[in-house]
Amino acid sequence: MPSPSPRFALRSRRVCLPDGVAAATLLINGERIEAVVPDDSGQWPNSLDDVPCEDLGDLVISPGLIDAHVHVNEPGRTDWEGFESATKAAVAGGVSLIVDMPLNSHPVTTSVRALAVKRAAARGKCWCDVGFYGGLVPGNADEIEPLIEAGVLGIKAFLCDSGLDEFLPATESDLRVALRILHKHGVPLLAHAELVDDVSPAAYSDERSYAEYAASRPDRWELSAIQMLIRLCAACPAPVHIVHLSSAAALPLIREAKERGLPLTVETCPHYLFFSAEEVSDGDTRFKCAPPIRSGANRAELLTAVANTSPHASSFNGSLIDTIGSDHSPCPPALKRLSDGSFMRAWGGIASLQLTLPVVWSCLRPSGVALSRLAELLSHRPAQLLGLHDRKGSLRPGLDADLCIWDPNEEWTVRPENLHMRHPLTPYEGRTLAGAVKRTYARGELASPERAPCGVAVLRTGIVR
Ligand SMILES: [Zn+2]
């Protein structure tokens, strides 16, 4: 068990507080933030003169990032990624909590027994805090409530083929049953929102063609899935979270559902904000993900939705897009098939867990988005989604001292040797990004790949060391 950290203080001219960025000092006591003292509040209390205080100058202190969408793949596919490499990459990127998807581990987390196997696999290998989701698949309705009671932070379902035979898509009736249970517990459904229709897909004429790959997963699949989810959410208002929104064409539907007051929230991913289809070369399967990266015009619309906190003439208090999660989903390089460049056959998934903050900042900085909006998207709203906002996701007294200290002005170029994930194959290689993470704290502990693991399991029922 880690020994409690001593009382210490950190000061910066730019601290991301819930009501904006201010010069302030954070007093940390053990695992928690004890006090936040803005510079303009007067003097540092004399009683704290003996507390060591480090002045970080212009470095930003943000809440630690919460990445609510990570595929760790352990146990069973630890050659793809694992708790050690994923959480080392996380803390190198300012992330103090990741939540692991129920696939592509083996077994998939669709039962309490499988959750126990996964938690045992994670023990002692977490450099940041780790939460878990359960999975909804046909036939496991009886496991949903026990999974929630065992502490999962949400239930994930696919509406289309997941790529794994052991994680089949949920049917509409599976979803109805699960939503009743989720509503009772106030736990979110996380939905991969693509619904395949009857229109037969065109056969590939060139397996290396990115345009053909993107056309094989059209916008309308996302729209139909989101329409269905909104309908189900209206019938049973459990929290429904659409993961990895790619199609901006769905934004009007989302606006309408939010204006009706439905508990619908939406995640998008760094790659949909950073890349556009026009720049993906044929055969460069590092970019393959589902739903696919779409046009530059689509990207611009997503960026506007992410940046905008108060949509005009809107009756809901917030934004069309609530959270940004990495959807870090790596695989061994051979499965990416760069040798033949087949988009049809390559594994889909983009590896980027360590890069979320600089990628998103590089996208949003040119439009003048405030640091506090960034903290909302990357920390505060994910904490709310997971039901952890009384514990994590903001710099407030009483909350966990999860901190990300970073320089928003420093630019750096992504090189494989900078990356801690198991396979550094990523479409961001060679890209220059703005925003360099200097330090991460998890519950008051300095969390770094070079130090001992200090992460714990974060369950709905509490944290477990
Ligand atoms: Zn995913």
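Residues numbered from 1 in each chain as written. Predicted model: local features only at pLDDT ≥ 70, side-chain atom pairs only at ≥ 80, totals over all residues. Heavy atoms only, no water.

> For this particular structure, what's the right way to read the nonpolar core?
In a soluble, globular protein the nonpolar side chains are often hidden away together inside. Counting 107 residues, the largest nonpolar core has Ile98, Leu175, Ile226, Leu245 and Ile254 as its most contacted members. With 7 residues, the top contributor of residues to this core is helix α6 (residues 219-235). When near neighbours in sequence (up to four residues on either side) are disregarded, Leu245 contacts Glu222, Ile226, Ala250, Leu251, Ile254, Val266, Glu267, Thr268, Tyr272, Leu302 and Ile321. The next biggest cluster of nonpolar side chains, apart from the first, holds 25 residues, and it includes Met101, Tyr133, Leu153 and Trp347. (Core = buried A, V, L, I, M, F, W, Y, C linked by side-chain atoms within 4.5 Å. Buried < 20%, exposed > 50% of the residue type's maximum accessible area, 1.4 Å probe, protein only. Helix = DSSP H or I, 4+ residues; strand = E, 2+ residues; numbered from the N terminus. Contact = heavy atoms within 4.5 Å.)

> Help me understand the sheet that holds strand β12 (residues 240-243) in this model?
To summarise the sheet geometry, strands pair through backbone hydrogen bonds and adopt either a parallel or an antiparallel arrangement. With parallel pairing, the 6 strands of this open sheet are ordered in space as β9-β10-β11-β12-β13-β14. Whereas interior strands pair on both sides, the edge strands pair on one side only; in this sheet they are β9 (134-135) and β14 (323-324). Across 3 bridges, β12 lies against strand β13 (residues 264-268) in parallel orientation. Bridge pairing in β13 places Ile242 opposite Val266. (Pairing = 2+ DSSP bridges.)

> What's the story with the packing of aromatic side chains in this structure? I'm lost.
The description of an aromatic ring pair uses the distance of the two centres, along with the angle that the planes make with each other. Evaluation of the coordinates by the stated rule reveals 12 aromatic pairs. Aromatic side chains Phe83 and Phe132 sit 6.4 Å apart centroid to centroid with 65° between the ring planes, which places their arrangement in the edge-to-face category. Pair noted here: Phe83 is in helix α1 (residues 83-92) and Phe132 is in strand β8 (residues 129-132), with a separation of 49 residues, a long-range link. Ring geometry for Trp361 against Trp406: centres 5.6 Å apart, planes inclined by 85°, an arrangement best described as edge-to-face. Of this pair, Trp361 sits in helix α11 (residues 356-364) while Trp406 sits in strand β15 (residues 403-413), and the two are 45 residues apart along the sequence. Overall, the relative accessible area of 7% leaves Trp361 in the buried class. Of the residues examined, Trp406 reaches a relative accessible area of 0% and is grouped as buried. (Phe/Tyr/Trp six-rings, centres within 6.5 Å; stacked < 30°, edge-to-face > 60°.)

> I keep staring at the pattern of salt bridges and nothing clicks. Help me out?
With the rule as written, the count across this model stands at 34 salt bridges. When the shortest N-O distance is used, the salt bridge between Arg32 and Asp400 registers 3.1 Å. Taken together, the positions of Arg32 in strand β3 (residues 32-38) and Asp400 in the loop between α12 (371-385) and β15 put the pair 368 residues apart, joining distant regions of the chain. Overall, Asp400 belongs to the buried group, its relative accessible area being 1%. Here Arg176 and Glu172 are joined by a salt bridge, their closest N and O atoms 2.8 Å apart. Taken together, the residues Arg176 and Glu172, both in helix α4 (residues 172-185) and 4 residues apart, mark about one turn of the helix. Residue Arg176 is classed as partly exposed on the basis of its relative accessible area, which comes to 37%. The class of Glu172 is partly exposed, set by a relative accessible area of 28%. Ionic contacts of the salt-bridge type, sharing partners, join the residues Glu31, Arg32, Asp129, Arg391, Lys392, Asp400, Asp402, Arg443 and Arg465 into one network. (Salt bridge = Lys/Arg side-chain N within 4 Å of Asp/Glu carboxyl O.)

> Would you explain the environment of Val369 in this entry?
Among the secondary structure elements, Val369 is positioned in the loop between α11 and α12. Spatially, the C-alpha atoms of Val369 and Arg415 are 27 Å apart, while their sequence positions differ by 46 residues.

> Just to check I follow, could you spell out the environment of Trp80 for this structure?
By secondary structure assignment, the location of Trp80 is in the loop between β6 (65-70) and α1. The sequence separation of Trp80 and Pro333 amounts to 253 residues, and the corresponding C-alpha distance is 8.9 Å. The residues touching Trp80, leaving out its near neighbours within four places in the chain, are Asn73, Asn104, Pro330, Cys331, Pro332, Leu335, Trp347, Arg422 and His423.

> I keep staring at unusual backbone geometry and nothing clicks. Help me out?
Trans is the common state for peptide bonds, and a negative phi is the common state for residues other than glycine. Cis geometry is adopted by the peptide bond preceding Asn104, which originates at Leu103 and carries an omega value of 20°. Note that the residue after His106, namely Pro107, is joined by a cis bond; omega there is 5°. Structurally, the position occupied by Pro107 is in the loop between β7 (95-100) and α2 (112-122). Here His244, not a glycine, exhibits a phi torsion of approximately 35°, which is positive. Within the fold, His244 resides in the loop between β12 and α7 (251-259). The class for His244 is buried, based on a relative accessible area of 3%. A positive phi angle is found at Arg337, which is not glycine, with a value near 55°. Among the structural elements, Arg337 can be located in the loop between α10 (333-336) and α11. Note on Arg337: relative accessible area 28%, which makes it partly exposed.

> Help me out: how do you make sense of the coordination of the zinc ion in this one?
Ideal geometry at a metal centre gives angles of 109.5 degrees when four donors are arranged tetrahedrally and 90 or 180 degrees when six donors are arranged octahedrally. In the first shell of the zinc ion, the protein supplies His69 (NE2), His71 (NE2) and Asp327 (OD), at 2.1 to 2.2 Å from the metal. Sequence spacing of the donors to the zinc ion: H-x1-H-x255-D. On the accessibility criterion, His71 (5% relative accessible area) is buried. (Donors = N, O, S within 2.8 Å, 3.2 Å for Na, K, Ca; no water.)

> Looking at this structure, how should I read the pairing of strand β5 (residues 60-63)?
Every other side chain in a regular strand lies on the same face of the sheet, so the side chains alternate between the two faces. The sheet contact formed by strand β1 (residues 8-17) and β5 spans 2 bridges and is parallel. The residue bridging Val15 from the neighbouring strand is Ile61, located in β5.

> Whenever I open this one, the packing of α6 against α7 confuses me. Can you help?
What describes two packed helices is the angle between their axes and the distance between those same axes. Packing of α6 against α7 leaves a shortest axis separation of 10 Å and a crossing angle of 10°. As far as their axial angle goes, α7 and α6 are roughly parallel. Counting all contacts with α6, which are made through Leu223, Ile226, Gln227 and Ile230, the residues of α7 involved are Leu253, Ile254 and Ala257. A per-class count over the contact of α6 with α7 returns 6 nonpolar, 1 polar and no charged. (Axes fitted to C-alpha atoms, helices over the stretch in contact; angles between N-to-C directions. Parallel < 35°, antiparallel > 145°, perpendicular 65-115°, else oblique. Nonpolar A, V, L, I, M, F, W, Y, C, P; charged D, E, K, R; others polar.)

None of this, on its own, says anything about what the molecule does.
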